[in-house]
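So the chains spell out like this:
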Amino acid sequence: MLNLSLQSLSSNLEKKTFSSLELSKFYLQRIKHHNPSLNAFITIDEEKSLLMASKADELIAKGKKLPLTGIPIAQKDIFCSQGWTTTCGSKMLENFIAPYDATVIEKFNEVGAVNIGKTNMDEFAMGSSNETSYFGAVKNPWNLDLVPGGSSGGSAAVIAARLAPGATGTDTGGSIRQPASLCGFTGLKPTYGLVSRYGMIAFASSLDQAGPMAISAEDCSLMMNVMTGHDRRDSTSIERDKEDYGSKLNGSIKGLKIGIPKEFFGEGLDSSVQKVIDCAIDEYKKLGAEIIEISLPNNHLAIPVYYVIAPAEASSNLSRYDGVRYGFRTKEYDDLMDMYFKTRQEGFGEEVKRRILIGTYVLSAGYYDAYYLKAQKIRRLISEDFTKVFKKCDVIMGPSAPSVAFKAGEKQEDPLAMYMQDIYTISTNLAGLPAMSIPAGFVNHLPVGLQLIGNYFSEANLLNIAHSFQKNTDWHLQSAKGFE
Amino acid sequence: MDWDIVIGIETHVQLKTKSKQFSGASIAYGNEPNSQACLVSLAYPGVLPVLNNESVNCAIKLGLAINAKIAPRSIFARKNYFYPDLPKGYQISQMELPIVGPGYLSINANGKNKNIRILRAHLEEDAGKSSHGISQDKTGIDLNRAGTPLLEIVTEPDMSSAEEAVTYAKKLHELVQWIDICDGNMQEGSFRCDVNVSVKKKGTDELGTRREIKNLNSFKFIKQAVDYEVNWQIETLEDGGKIDQATILFNPETGETKAMRSKEEANDYRYFPDPDLLPLLVSQEKIDEIKKSMPKLPDEVQESFQKELGLSEYDASEITANSEVTKYFLALVESKVNPKLSANWILGNLYSRLNEEGIDINKSPIDTKRLAELIKRIEDSTISNNAAKEVFDFIWDKSSVTVDEAIEELGLKQISDSGEIDNLVDEVLKNNQPMVEEYLSGKEKAFNALIGQIMKASKGKANPSQVSELLKQKISK
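Here is what the cut-offs are and how they apply
Residues numbered from 1 in each chain as written. Chains lettered and ligands numbered in written order. Predicted model: local features only at pLDDT ≥ 70, side-chain atom pairs only at ≥ 80, totals over all residues. Heavy atoms only, no water. Contact = heavy atoms within 4.5 Å. Buried area = accessible area lost by both parts, 1.4 Å probe. Salt bridge = Lys/Arg side-chain N within 4 Å of Asp/Glu carboxyl O. Polar contact = N/O pair within 3.5 Å; in protein donor to acceptor, adjacent residues only side chain to side chain. Helix = DSSP H or I, 4+ residues; strand = E, 2+ residues; numbered from the N terminus. Nonpolar A, V, L, I, M, F, W, Y, C, P; charged D, E, K, R; others polar. Pairing = 2+ DSSP bridges. Axes fitted to C-alpha atoms, helices over the stretch in contact; angles between N-to-C directions. 1 Å grid on protein atoms, 1.4 Å probe; cavity = no way out; pocket = protein on both sides within 12 Å on 5 of 7 lines; lining within 4 Å. Points joined across faces, edges and corners; volume = space filled by probe spheres on them. Domains from an automatic or database assignment. Phe/Tyr/Trp six-rings, centres within 6.5 Å; stacked < 30°, edge-to-face > 60°. Lys NZ or Arg CZ within 6 Å of the ring centre and 35° of its normal. Buried < 20%, exposed > 50% of the residue type's maximum accessible area, 1.4 Å probe, protein only. Parallel < 35°, antiparallel > 145°, perpendicular 65-115°, else oblique. Left-handed = near helix turned anticlockwise from the far one by under 90°. Disulfide = S-S within 2.5 Å.

1. Let's talk about the interface of chain B and chain A
In many reports, interface size means the accessible area that the parts give up when they come together.
Right, on to step 1. In this assembly, 29 residues from chain B lie in contact with 38 residues from chain A.
Right, on to step 2. When chain B packs against chain A, close to 2800 Å² is buried across both sides, 59% of that on carbon and sulfur atoms.
Right, on to step 3. When the buried area of chain B at its contact with chain A is split by residue, P45(B), F82(B) and R270(B) rank highest and sum to 23% of it.
Right, on to step 4. There are one salt bridge connecting chain B and chain A.
Right, on to step 5. A salt bridge links R197(A) to D276(B), with the shortest nitrogen-to-oxygen separation between them at 3.1 Å.
Right, on to step 6. The interface formed by chain B and chain A contains 17 residue pairs in polar contact (both at pLDDT 80 or more).
Right, on to step 7. Of all the secondary structure elements, the ones that give two or more residues to the side of chain B that touches chain A are β3 (77–80) and β14 (272–273) of chain B.
Right, on to step 8. Residue composition of the side of chain B that touches chain A, grouped by class: 21 nonpolar, three polar and five charged.

2. Brief notes about the sheet that holds β3(B)
The strands making up a sheet associate through hydrogen bonds between their backbones, and the pairing can be parallel or antiparallel.
Right, on to step 1. A sheet is described by the order of its strands in space; here three strands give the open sequence β4-β3-β14 (chain B), paired in antiparallel fashion. Whereas interior strands pair on both sides, the edge strands pair on one side only; in this sheet they are β4 (90–93) and β14 of chain B.
Right, on to step 2. Two strands pair when backbone bridges link them, and β3(B) and β14(B) are joined in this way by two bridges, in the antiparallel orientation. When the bridges of β14(B) are listed, A77(B) appears paired with P273(B).
Right, on to step 3. The strands touched by helix α9 (residues 302–317) of chain A are β3, β4 and β14 of chain B; relative to β3(B), the strand with the most contacts, the crossing angle is about 60°.

3. Describing the layout of surface pockets
All names here are of chain B.
Right, on to step 1. The volume enclosed by the second largest pocket comes to roughly 1600 Å³.
Right, on to step 2. Lining the second largest pocket are 44 residues, with E174, E318, A321, N322 and Y351 positioned closest to its centre.
Right, on to step 3. Elements represented by at least two residues in the lining of the second largest pocket include exactly β5 (103–109), α2 (162–178), α5 (298–309), α6 (313–319), α7 (323–334) and α8 (339–357).
Right, on to step 4. Element by element, the count of residues in the lining of the second largest pocket is highest for α2, at eight residues.
Right, on to step 5. Each of domain 1 (3–286) and domain 2 (296–410) contributes no fewer than three residues to the lining of the second largest pocket.

4. Description of the packing of aromatic side chains
Right, on to step 1. Under the criterion given, the structure shown has 31 aromatic pairs over all chains.
Right, on to step 2. Aromatic rings pair up to connect F96(A), F124(A), Y321(A), Y326(A), F348(A) and Y44(B) into one cluster.
Right, on to step 3. Across the ring face of W84(A), the terminal group of K48(A) is positioned such that the distance to the ring centre comes to 5.5 Å.

5. Observations concerning the environment of G184(A)
Residues and elements named next belong to chain A.
Right, on to step 1. Residue position: G184 is located in the loop between α6 (177–183) and β5 (186–189).
Right, on to step 2. Judged by its relative accessible area of 5%, G184 falls in the buried class.
Right, on to step 3. For the pair formed by G184 and I438, sequence separation is 254 residues and the distance between their alpha carbons is 7.3 Å.
Right, on to step 4. Ignoring any residue separated from it by four or fewer positions in sequence, one finds G184 in contact with W142, P179, P439 and P447.

6. Some details on the pattern of salt bridges
Close approach of charged atoms allows side chains with opposite charge to pair.
Right, on to step 1. Overall, the coordinates contain 43 salt bridges over all chains when judged by the stated rule.
Right, on to step 2. Residue D77(A) pairs with K118(A) through a salt bridge whose shortest N-O separation is 2.9 Å. On the criterion of sequence distance, the pair formed by D77(A) in the loop between β2 (72–76) and α4 (103–110) and K118(A) in strand β3 (residues 114–119) is long-range, its members being 41 residues apart. By the burial criterion, D77(A) is buried, and K118(A) matches it.
Right, on to step 3. Between R78(B) and D274(B) there is a salt bridge, and its shortest N-O distance comes to 3.1 Å. Taken together, the positions of R78(B) in strand β3 and D274(B) in the loop between β14 and β15 (280–281) put the pair 196 residues apart, joining distant regions of the chain. Of the two residues, R78(B) and D274(B), both sit in the buried class.
Right, on to step 4. Connected through shared salt-bridge partners, R197(A), D234(A), R78(B), D274(B) and D276(B) make up one network.

7. Comments concerning the packing of helix α14 (residues 445–457) of chain B against helix α15 (residues 464–476) of chain B
Residues and elements named next belong to chain B.
Right, on to step 1. The contact between α14 and α15 brings their axes to 10 Å, and the two run at 120°. If you check the angle between α14 and α15, you find them oblique. Crossing hand, α14 versus α15: right-handed. Where α14 abuts α15, its residues F447, L450, I451, I454 and M455 lie against P464, V467, S468, L471, K472 and I475.
Right, on to step 2. Tallied by class, the residues present in the contact of α14 with α15 amount to nine nonpolar, one polar and one charged.

8. Focus: the state of the cysteines
Right, on to step 1. Counting across every chain of the model gives zero disulfides over all chains.
Right, on to step 2. C88(A) takes part in no disulfide bond, and the closest cysteine sulfur to it belongs to C80(A), at a distance of 8.4 Å.

9. Thoughts on the side chain of T257(B)
Residues and elements named next belong to chain B.
Right, on to step 1. With respect to the helices, strands and loops of the structure, T257 is situated in strand β13 (residues 256–262).
Right, on to step 2. With a relative accessible area of 9%, T257 lands in the buried category.
Right, on to step 3. Of note is the side chain of T257, whose polar atom sits 2.8 Å from the side chain of E229.

No statement about biological role is implied by the geometric values presented.
Here it is in structure tokens:
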């Protein structure tokens, strides 16, 4: 059962080689065995998961099987799942049992997928190393001394350690792609508005986007078919015809124009990572692609702009955690103000508080124009850079992260160094573009991810471009020692 | 020293929609606390706002009714502050680009028309309600009202007396009911005014510092609060004091205003565009469509009543001050009774009786059909106007008695028998010789006095025009 693609898991379930119950038990067993060393899950609920598996088996028995029916999927703990504790990695929601399903969860439930557990994450998705989680840091399966990346670090460790064949993530500034790079698997952040944000606990509403995390692009395409679709409950969700994200797989990429932004290869990029990326691009040349040098002149502004806009939105989104209606409330307090102060002081971690402070500051009277408005203007410039470039090329390639996985604790005291982890990923969130990270090779036995950025709604193409690479390489099939 | 009073009003109009501004929960009034608090009202993690289209239509109607520009693109913004009855920690409102404005509402102030400029009107959501004193150490939060759709209508500081402020508020109150976007229920908070008041030395252009009286939910309170506030400000300034900008509350029990918090300490609301909502786009087609569906506005109807039905400006404006009154009036006109007479009856007897008993015109015990019958009996000279008043009072609480039965029972039928009237005239002439001479010597008034005597002698039943004619003939003989 291990290392099978979603497609072959699906056909095995159909042929009844094994049942969903058996498959789910197999993964739960692996989780039980490996999770203590990885800390990839916040909530494991065997009973619930196995009940879902039984139901899936009934569907399969009735011949009502859909592609992901009966397949265990690990869900990032940012998605509200009815009856499940949904913490978002925070003490604030430690005991919060969601009374409803996020659209993403609802969609997986509808096709009969099995929720195999809720994965660990940086608190409120704020972090690039999964060290800000109230539930403890997640370890990188490739080397337990290293971080898995973040904020979807739990899901990343799950895929790398093969604790589930698929997992969900969310990506506000790189939170799917950077961990995919550091843990060596395939992750896709779709075009903003393609996957409903309803029920996905908000960090920065104009940037947050959910996406699939799995071994291969082909697997991701199957998950995309389930996750996407217009949702009236999310006003920013895009009305579009349903698309089959696997429809373009195996298409030829001869003549594909790949744009290489010079800004992605400058100072700050680890030279051995660069070598891996260069080799991957050479591979594409061999497959018939054409390389074009391009420029994204405003990319250096992406991080500062992001660290104005995202905290601004977060400071407001996180105001609802006030101890009044649900979630954590401080034990003793004198009056309302005291209750607010203590609840938020004790309920939020350092990084979350840092961003609430930054966000509150940049929105304050007298600073709004200089920070928030200015950042919105630059955000438009960054988007325009991409619009221009996509007139010349079909896809942009470069590194997903500036380095391989780093040591736990290494950047914890230096937020700015941590923020640099997202230097190649953030601009696509600001522009709302789809982007992927796929395994491209190794540096000292640690995985390196190649980033693919496409034009709006080009996910099916992107998946094919990734798939073409994966047909000719086996980087994505390597698994970490001890988890084979 | 003489002072000018400067008043601007912000009105919160609760829109007559079925559901909340950004969720499907009901906005019905008076239900069990928190029974209408859905996940969005409670601001659960992960929930998102979805704009209620019906409230957008209401805002467009208001815009059209105040001759305003409807923004083709407007933006929802978050107004951030912490309070237990504000579950998200922010209110969704409109800041820089509101859906409506600028426009104006014309009012009649001291017999003259005056346009009150309306700066803007924007959509927003209401907060919930905090109930203090439920128990000694707890405050209750009811989120039924949280998220209720509001339209905030903001004037320029164009009013210069408490009376003008009340006239504007009344006119707006009637208008929002006329175009059917608000139930107008002030007790339940469907129409609440924040009134900004300042004073300045007469003739100067420089505005004084304003204080904002919050949440006035009756016209009487507006009048009292403004009067009190104006006096207080003038006294303070004349005593050499200084006015600080402040938000103040009016206490109806003492009739006084008192500062709630000063603006310096006020929150910095950190407005920014709500990333959960797309810009609100309104097409010209939609505006045209709504325009077609709207009733004629009070001012237009008033004009047509003056021009086509011959009502005086006063009567026409009074009749059109309220859509129910207009409906009542139009029903009378349709029954082919004289419009002027109808207006007189509505604004006279009917109004005073309804007011006395605190009944709305649409629930009047005398419906349009019966009032039409009554007026017809005046028109065909069956009864005099005075007799009709008696009939009116008689049938007020007797719905089974017809107008004709009442006339019969009260014995009020006019005497039209000329012989009988002839005798009455002769008798009065005989007994009032001095008055006859006064008249003959040129005093016109004496004639009316004689008619009065004759009517009195007939107990009001003589036909006045017949009397007048006979009297003229007999005197001139």
